[in-house]
Amino acid sequence: MKYRRKPVEVEAFRLSADVEMIAPDWFTQAVIDEKIEIDRSLLDGHMHVYGCTIRTAAGRAKAKIGDYIVCDGANIYPCKPKIFARAYERAG
C-alpha cells in the first residue's frame, strides 16, 4: 500500500538576532515556560544572540540564526532553511 503525508498547516518564523522583538507569541510563551532557551554570548561587551535550544520529546534541539522555528500546535522544533523550503509552502 502507498501512503501520502496529509498536509498540515504550521506556524513558523525565521530565527534572527533580534528574536526577542520579532518572535510570535507562541515562541515567547515557550521561552517563559522554559521550553526554549535563547542562546547568547558576550562579544565586545554586548550580548549577541547566536541561536536557541528547544526542549523536545526526543531531547534538546539546537537552532542557529537563519533556521526556521516551527510550531505544529503540539510541538516546536527547528528546521534548516533548505529543508523548510522543500517541506513547506506559504498558506493563504
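These remarks concern the structure in this document. (Residues numbered from 1 in each chain as written. Predicted model: local features only at pLDDT ≥ 70, side-chain atom pairs only at ≥ 80, totals over all residues. Heavy atoms only, no water.)

### A closer look at the overall build of the protein
In step 1: For the protein, the count of helices and strands is three helices and six strands.
In step 2: Across its three principal axes, the protein shows a C-alpha extent of roughly 60 × 25 × 25 Å.
In step 3: Expressed as a percentage of the 92 residues in the protein, the buried residues total 29%.
In step 4: Intrachain contacts of the protein at a sequence separation of at least 6 include 31% that bridge at least 24 residues.
In step 5: Split by element, the accessible area of the protein, about 7,300 Å² in all, is 52% carbon and sulfur.
In step 6: The positive charge centre, built from 15 side chains, and the negative charge centre, built from 13, are 11 Å apart in the protein. (Helix = DSSP H or I, 4+ residues; strand = E, 2+ residues; numbered from the N terminus. Buried < 20%, exposed > 50% of the residue type's maximum accessible area, 1.4 Å probe, protein only. Contact = heavy atoms within 4.5 Å. Areas by Shrake-Rupley, 256 points an atom, 1.4 Å probe, with all protein chains shown as cover. Lys, Arg positive; Asp, Glu negative; His and termini not counted. Charge placed at Lys NZ, Arg CZ, Asp CG, Glu CD.)

### Details of the sheet that holds strand S2 (residues 36-43)
In step 1: One open sheet accounts for three strands, arranged S2-S3-S4; its pairing is antiparallel. A single partner strand is all that each edge strand has here, and the edge strands are S2 and strand S4 (59-64). The sheet shows a mean angle of 30° between the axes of neighbouring strands, taken without regard to direction.
In step 2: Packed onto the sheet, helix H2 (residues 25-32) meets S2 and strand S3 (46-56) and runs at close to 80° relative to S2. (Pairing = 2+ DSSP bridges. Axes fitted to C-alpha atoms, helices over the stretch in contact; angles between N-to-C directions.)

### Side note on the side chain of Thr53
In step 1: Structurally, Thr53 can be placed in strand S3.
In step 2: Among the polar contacts listed, one links the side chain of Thr53 to the side chain of Lys62, at a separation of 3.1 Å.
In step 3: Setting aside residues no more than four positions away along its own chain, Thr53 makes contact with Lys35, Ile36, Glu37, Asp39, Arg60, Ala61 and Lys62. (Polar contact = N/O pair within 3.5 Å; in protein donor to acceptor, adjacent residues only side chain to side chain.)

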